[in-house]
Amino acid sequence: MRALFILIISAVITLTSYSQSFQKTIYGVEEGLVTHLIKAVEFDSLGFLWVGTDEGLVRYDGREFQNYPQATPSRYIKDIIYTGNQLLAVSDLGITEIVPGISEVQFKEYFKGSIYMSDSTLWYPKKIFIDSKSNKWVSEPASVVKLQGKRLTRYTFDASEFSHSFLDSFSFFEMEDELYVIAYGGRMYRYDEEDDEFKRESLKSDIPLMNVNVCLDLGDTILVGNISGVHKVWRSEDGFHGERVDEIPVKEVANIVRYDSTQILIGTFQNELLLVKERDLSVQDKYDILRSNDILVNSDGHFWVGSDEGLVMLKKNYFRQINNSDHYIEAIMPLDDKVYYSHKDALIKLEHNEDGYEQSTIVTGNNEFFIAIAGIGSDVWVSNKFNILHLQEDVITDTVRLSNQMSFVSFMYADSKHNLWIHQQNMDGICKLDPEGVLKHYKSKDGVDGMLISGCEVNGTLYFGGIGEDSYLYRYDEKSDRFVNESVPISFELSDNFEISDLAARNDTLWLASTDGVIQYVNGTVNRLELGSMTTIPVRAVALESEFVWLVNTMGVVRVDLTNMQSWISFDKDSGLPSSSGNPRDLRVDDNGTKWVGTALGLSSSIQGGQKFNNTQKPFLTDLIINGREWSLDDISNKSIPNHSIVELHFLSLTFPGSLLTYQYKINDSAPWADLELNNIVKLNELDAGTYTLQIRARQSGNYLWSESEKIEFTVAEPFYSRRWFVIACIVTAFIVIYALSAYYSYRLRKAKDKLNAIVEDRTAQLKLSNQQLRQTNKELDMFVYSASHDLKAPLSSMIGLLNLYNLETTQESKDELIQRMRESILKLDSFIKDVIAYSKNSRLDVIKEEIDFNEIISEVFSVYKYLNHFNKIKRVVRVERGVYFSDKNRLRIIFNNLISNSIRYCDTDKEDSLIEILVSKKDNFIYITVTDNGIGIPEQYLSNIFDMFFRADESRSGSGLGLYIVKEAVTLLNGEIEVESTFGQGTSFNVKLPA
């Protein structure tokens, strides 16, 4: 059956319908320039780019701009020109010679200028022109100057020729070895060398030439740019004639320069820059650039523009997009001198002609999904959804309807016998449509396990790529009409979804584009192509060209040199590709060597005539830093580097832009090349002694080859410890050290012996003291056990006796008296137990210093004893000196509790006014506490024993005999002192001194 489609063969594409051949990058103030207004650009002999601005000279190395505002007598730069051996910069006040250097630049006065016209100075010079006889001509606002050494000859013209332009006045050209100038006003003059003067020439033009800014010699004609556009001027027998070039629709032309042998660049003072074919002056490309003040073309096909919007670089692309289409390209197939490609809505043919490509839309259909294309000779097949269209001479002749109408056709291949091989998505095996229209489906019974999704033919043998580690490659055996599994084990690790997306073959070598990189298959041997960090990235397509293999992965397009597998070049958006993503098998090379790449944003091809691969400039050393100190660049070859130093070498390749350069290095020839982690900086650490050769190379992205390697030879000095003088010094030093150590250790031994004796004596004294303390402790323990048992047993025995008497008594009065006596025994027992607890706490609690409120503590203690006999008859006086006190609150309570309780218990009841007086003060970092009473006092013979455990001076009064012992222990734990003064019958005073 025939399907109805729209057939269109009309739209013609030439180079003008391509996307632009250059990528534009603008450098302005944000990138480091002092101003956006750029007047002139030129390279020096080293490759640095010099920029002339209204703020002086600027040098650019591809990474940063360096300003030289004081290099010229005036900051207003008009022109920069390289004469072949000199770099000259023209400013308002003269000409300056720039002597280039890597780290230092020199500026010399070449010819002096002045704001006043004189016979020895230039007057507001604008441009320099060097004629074929190496004469230097300088244009001024109303004159032309010829420089001869330090002398000048000025040729003055009529006042009407005066130029008010800041940049231009007279434009020079040569014709038949004669020098001509065209004045800004449009009149032409010829230099008569014999008469040494400029003579007026006749110039007839259809449009008067006015405000002329530039002219370019094309041999037999001259292109002149002025305010009205571009004019062509030629000479005939009756003089010069001119006419406007209507094919170039621009005005206010500022610059005309030759791009290459066939094309011209034309810049304007408006917003246009054109690439024009010289043969017919047809416009090839157009760029939006505001005021092209200067244009500089360099050898690798890029060009620079000094404009009012900054320094503009137009980098030549290796690839460019076809027809600015943003369709997702489904398939590509070169066929003879034609190229077919498809997207979801159309099948399109490109046919090469001298102007580019003529484009024809062959088949269209909205969302028909033309996914696969195959062809041989005049036969072309294209799939749409579930069917296959067969075309001959671009006319649909038949439609093949597949039995599975639910799966798209994802792959087709036409072999040399006009068989069409077909794979539908999710269908096992593969189908073959023979020339008679017979369709056969090959499955597992025919040797196919799984799906076959790619294929190619080499020397009459068909190979197909599949899915899975055990079924990734098959060969079709025509004799048996079966498939042979050629898959061999793969040693490297594979992903779970391993498959072969595309194949290319030459002789006995197959190149497989897989989900795990590019695989080289030779006679059953499998190797993976090493591409550095891209080795394992999935590859969607592969193609062969001469000695190169081309591939597409998620990073872009890669070209690998088969003669040197370690040499590869990558292409991405910086090389003109609109996108890095696309479909499998969307890379093909046609018979002319043009590479065609299908992407998610349209079709791209390598530029016709742009197949040249440029050499990246050889890098050179710019900085040398050793152990953090900067060395002279000559030092690396003249001096030895200290052993185990940290060496940092900075390199620079003047291939623009610097941000896209890749650097590699290696030490000595046998080492492999390694990428620099810090891009252009080599860091070497802990090198052993010896002589080294450091090699470094660079490569610009896109169609650039690796540069010639820069070799730096250097020597690392032997470590000081391996030198003879150091060994001798070490031996002598060793003897001295041994002797000194011997003497020192003898001295130390004596000192150690003395120290040991002192320690033994000290330990002996401590042991004696410990023994004494232990005996004292044992004595106190014995006393404690004895007294405790007595003081505990006495009240209990009394209680038992009183209870027995209670049972015998019959009167209530007698029983009440016995109960009162029992209560006294219980209180006595309770008092004793409290003293024991206080003793325990005092001995085991840590000392904790905190802020003390003495009034609060004393008040608390008094409140505890307010129910004791005689309490209300005692006058209490408390005086605490104002201040902040710090001590252990718990032990202060113990001290006050015992001293106050003693004063109450031992008060003199015969005295009318009993008194307890407490004084607290602080002086010289000590706390002083005095507790005084006018009680019964302590007999003098007992004063030395009152702090002993269980000592009681008066057995008639209640008490355990532990109170003052505990007070003494508490004071001692606080590193304090306690004293007692007492007169029997008059009273007692306790004085306590504690650290503040």
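Quick notes on the rules
Residues numbered from 1 in each chain as written. Predicted model: local features only at pLDDT ≥ 70, side-chain atom pairs only at ≥ 80, totals over all residues. Heavy atoms only, no water. UniProt positions renumbered as here; feature names shortened; annotations may be inferred. Helix = DSSP H or I, 4+ residues; strand = E, 2+ residues; numbered from the N terminus. Contact = heavy atoms within 4.5 Å. Areas by Shrake-Rupley, 256 points an atom, 1.4 Å probe, with all protein chains shown as cover. Salt bridge = Lys/Arg side-chain N within 4 Å of Asp/Glu carboxyl O. Buried < 20%, exposed > 50% of the residue type's maximum accessible area, 1.4 Å probe, protein only. Axes fitted to C-alpha atoms, helices over the stretch in contact; angles between N-to-C directions. Parallel < 35°, antiparallel > 145°, perpendicular 65-115°, else oblique. Left-handed = near helix turned anticlockwise from the far one by under 90°. Nonpolar A, V, L, I, M, F, W, Y, C, P; charged D, E, K, R; others polar. Phe/Tyr/Trp six-rings, centres within 6.5 Å; stacked < 30°, edge-to-face > 60°. Lys NZ or Arg CZ within 6 Å of the ring centre and 35° of its normal. Core = buried A, V, L, I, M, F, W, Y, C linked by side-chain atoms within 4.5 Å. 1 Å grid on protein atoms, 1.4 Å probe; cavity = no way out; pocket = protein on both sides within 12 Å on 5 of 7 lines; lining within 4 Å. Points joined across faces, edges and corners; volume = space filled by probe spheres on them. pLDDT = per-residue confidence, 0-100. Expected span 1.5 Å × (residues − 1). Polar contact = N/O pair within 3.5 Å; in protein donor to acceptor, adjacent residues only side chain to side chain. Pairing = 2+ DSSP bridges.

By the naming in an unreviewed UniProt entry, the chain is histidine kinase, taken from Fulvivirga sediminis. Per UniProt, the comment on the chain under Catalytic activity (unreviewed entry) is "ATP + protein L-histidine = ADP + protein N-phospho-L-histidine."

Peer 1: What exactly am I supposed to notice about the overall build of the chain here?
Peer 2: Counting its secondary structure elements, the chain contains 6 helices and 77 strands. Taking the contacts inside the chain whose residues are at least 6 apart along the sequence as the reference set, 53% of them involve residues at least 24 apart. On the chain, roughly 48600 Å² of surface is accessible, and the fraction owed to carbon and sulfur atoms is 49%.

Peer 1: Would you explain the pattern of salt bridges in this entry?
Peer 2: When the charged atoms of two side chains lie near each other, side chains of opposite charge can form a pair. Following the criterion strictly, the structure yields 37 salt bridges and no others. Residue lysine 133 pairs with glutamate 193 through a salt bridge whose shortest N-O separation is 2.7 Å. Remark: glutamate 193 occurs in the loop between strand E18 (188-192) and strand E19 (197-201) and lysine 133 occurs in the loop between strand E12 (127-130) and strand E13 (136-139); sequence separation between them is 60 residues. Across the pair glutamate 710 and lysine 618 runs a salt bridge whose closest N-O atoms are separated by 3.3 Å. On the criterion of sequence distance, the pair formed by glutamate 710 in strand E70 (residues 710-716) and lysine 618 in the loop between strand E60 (614-615) and strand E61 (620-626) is long-range, its members being 92 residues apart. Residue classification places lysine 618 among the partly exposed positions, given a relative accessible area of 36%. What you see here is one network of salt bridges that share partners, running through Glu176, Glu178, Arg190, Glu201 and Arg235.

Peer 1: For this particular structure, what's the right way to read the packing of helix H5 (residues 889-905) against helix H6 (residues 963-973)?
Peer 2: When two helices pack together, their arrangement is given by the angle between their axes and by how far apart the axes lie. It is the contact of H5 with H6, at a shortest axis distance of 9 Å, that shows an interaxial angle of 150°. By the angle between their directions, the pair H5 and H6 is classed as roughly antiparallel. Between H5 and H6 the crossing geometry is left-handed. Mapping the contact onto sequence places Arg891, Ile894, Ile895, Asn898, Leu899 and Asn902 in H5 and Gly963, Leu964, Ile966, Val967, Ala970, Val971 and Leu973 in H6. Looking at the contact of H5 with H6 residue by residue, the classes come out as 9 nonpolar, 3 polar and 1 charged.

Peer 1: Looking at this structure, how should I read the packing of aromatic side chains?
Peer 2: Given two aromatic rings, their pairing is described by the distance between the two centres and the angle made by the two planes. On inspection of all chains with the given rule, the structure shows 54 aromatic pairs. The interplanar angle of 75° and the centroid separation of 5.6 Å between the aromatic rings of tryptophan 123 and tyrosine 124 together place this pair among those described as edge-to-face. With centroids separated by 5.6 Å and ring planes inclined at 50°, the aromatic side chains of phenylalanine 157 and phenylalanine 198 adopt a geometry described as tilted. Residue phenylalanine 157 is found in the loop between strand E15 (151-156) and strand E16 (170-175), and its partner phenylalanine 198 is found in strand E19; the two are separated by 41 residues along the sequence. The burial state of phenylalanine 157 is the same as that of phenylalanine 198; both residues are buried. The ring of phenylalanine 492 is capped by arginine 528, whose NZ or CZ atom sits 4.0 Å from the centre of that ring.

Peer 1: Looking at this model, I keep getting lost on unusual backbone geometry. Mind explaining?
Peer 2: A negative phi angle is the norm for most residues apart from glycine, just as the trans form is the norm for most peptide bonds. Cis geometry marks the peptide bond from phenylalanine 656 to proline 657, where omega comes out at -5°. Mapping proline 657 onto the fold places it in the loop between strand E64 (646-652) and strand E65 (661-667). Phi at arginine 291 is positive, roughly 55°, even though this residue is not glycine. With respect to the helices and strands, arginine 291 occurs in the loop between strand E28 (283-287) and strand E29 (292-297).

Peer 1: Even after reading the chapter, I still don't get the packing of helix H4 (residues 854-864) against H5, so can you show me in this structure?
Peer 2: Between H4 and H5, the least distance of the axes is 10 Å, while the angle of their chain directions is 45°. The angle between H4 and H5 falls in the class oblique. The interaxial crossing formed by H4 with H5 has right-handed handedness. Residues Phe854, Ile857, Ile858, Glu860, Val861 and Phe862 of H4 form the contact with H5, whose participating residues are Lys889, Leu892, Arg893, Phe896, Asn897 and Ile900. Of the residues contributing to the contact of H4 with H5, the split by class is 8 nonpolar, 1 polar and 3 charged.

Peer 1: I keep staring at the nonpolar core and nothing clicks. Help me out?
Peer 2: Leu49, Trp50, Leu57, Trp304, Leu311, Leu649 and Phe714 are the most contacted members of the largest nonpolar core, which has 53 residues in total. Residue contacts for leucine 311: discarding those within four places in its chain leaves Thr25, Ile26, Tyr27, Leu33, Ile38, Val41, Leu49, Val51, Phe65, Trp304 and Val305. With 41 residues, the next largest nonpolar core counts Tyr865, Ile918, Ile938 and Met949 among its residues.

Peer 1: Looking at this structure, I do not really get the layout of surface pockets. What am I missing?
Peer 2: To find the voids left in a structure, one rolls a probe of water-molecule size over its atoms. By volume, the second largest pocket amounts to about 1200 Å³. Secondary-structure elements contributing two or more residues to the lining of the second largest pocket are strand E33 (331-335), strand E37 (373-376), strand E41 (409-414), strand E45 (452-458), strand E49 (500-506), strand E53 (539-545) and strand E57 (587-589). Its residues assigned to classes, the lining of the second largest pocket comprises 26 nonpolar, 8 polar and 10 charged.

Peer 1: Please explain the confidence of the model for the chain as it appears in this structure.
Peer 2: Detailed reading of the predicted model is not advised wherever pLDDT is low. In this model, the chain carries an average pLDDT of 87, and 90% of its residues clear a pLDDT of 70 or more. Note on residues 1-19: pLDDT under 50 across the span, and 60 contacts to partners over four residues away in sequence or across chains.

Peer 1: Explain H5 to me, please; I cannot follow it from the model alone.
Peer 2: Note on helix geometry: an α-helix contains 3.6 residues per turn, so any two residues three or four positions apart are oriented the same way. With 17 residues, H5 ought to run about 24 Å at 1.5 Å a step, and its terminal C-alpha atoms sit 24 Å apart, in line with that. Judged by how many residues are buried, H5 sits mostly within the fold: 12 of 17 residues are covered. Of all the positions in H5, only Arg891, Leu892, Ile894, Ile895, Phe896, Asn898, Leu899, Ile900, Ser901, Asn902, Ser903 and Ile904 are classed as buried. Between the side-chain oxygen of the N-cap and the backbone nitrogen of asparagine 890 there are 3.1 Å, and the N-cap of H5 in question is aspartate 888.

Peer 1: What is the right way to read the sheet that holds strand E50 (residues 509-514) from this model?
Peer 2: For sheets, the rule is that strands pair by backbone hydrogen bonds, running either parallel or antiparallel. With antiparallel pairing, 4 strands are arranged side by side in an open sheet as E49-E50-E51-E52. The open sheet is flanked by E49 and strand E52 (525-528), the only strands paired with a single partner. On average, each strand axis in the sheet is inclined to that of its neighbour by 25°, with strand direction left out of account. Of the pairings in the sheet, the one linking E50 to strand E51 (residues 517-522) comprises 6 bridges and is antiparallel in character. Residue pairing for E51: leucine 512 is matched across the bridge by isoleucine 519.

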